[in-house]
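Reading the structure
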Amino acid sequence: MEAEETDATTAVFRLLADEYSRRILLAADREPRTAKDLGDICDASLATVYRRVSTLQEHGLLRQHSTVGSDGAHRCQFETTLEELHVTVSDGELALSVETHDELADTVTSPATNVRDSR
């Protein structure tokens, strides 16, 4: 395993070892959540939530959506992208593979399905 891969693997393990990061991932997996919602659910300050959200986004485990509420206010919501995490140990080496939701495939598939359904 190269140094860069080892650093990334270590970073993901540390991130998942953090209780707030895990709570955020689980809460945002149920449905997209605002930072305030995540703070309430995780019993964490907004500063803690934003730090963890930033790190989770850096590693591609969380994505941000902007929405407009019924009051016209813009809100950011966060959604988990983590689908599966695989750890293998072989020949004295530790390997980590992360599978995430493919946002592009979802976007391309949905309109095509709608077009076929409307015929």
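We now turn to the structure provided with this report. All of these numbers come straight from a predicted model, not from anything done at the bench.

On to the pattern of salt bridges. According to the stated counting rule, one finds five salt bridges in the structure shown. Put simply, Asp18 and Arg52 hold a salt bridge, and the shortest N to O gap is 2.8 Å. Taken together, the positions of Asp18 in the loop between helix 1 (3-17) and helix 2 (19-30) and Arg52 in helix 4 (residues 46-58) put the pair 34 residues apart, joining distant regions of the chain.

It is worth spelling out a nonpolar patch on the surface at this point. Residues Leu85, Val87, Val89, Leu94 and Val98 make up a contiguous nonpolar surface patch of roughly 390 Å² in combined accessible area. Listing elements by their share of the nonpolar patch, those giving two or more residues are strand 3 (82-90) and strand 4 (93-100). Note on placement: Val89 falls in strand 3. Judged by relative accessible area, which is 65%, Val89 ranks as exposed.

A surface patch of negative charge is lined by Asp29, Glu83, Glu84 and Glu99. Residue placement: Asp29 occurs in helix 2.

Definitions and cut-offs
Residues numbered from 1 in each chain as written. Predicted model: local features only at pLDDT ≥ 70, side-chain atom pairs only at ≥ 80, totals over all residues. Heavy atoms only, no water. Salt bridge = Lys/Arg side-chain N within 4 Å of Asp/Glu carboxyl O. Helix = DSSP H or I, 4+ residues; strand = E, 2+ residues; numbered from the N terminus. Patch = residues over 30% accessible without salt bridge, like charges linked within 9 Å, V, L, I, M, F, W, Y side chains within 5 Å. Areas by Shrake-Rupley, 256 points an atom, 1.4 Å probe, with all protein chains shown as cover. Buried < 20%, exposed > 50% of the residue type's maximum accessible area, 1.4 Å probe, protein only. Lys, Arg positive; Asp, Glu negative; His and termini not counted. Charge placed at Lys NZ, Arg CZ, Asp CG, Glu CD.

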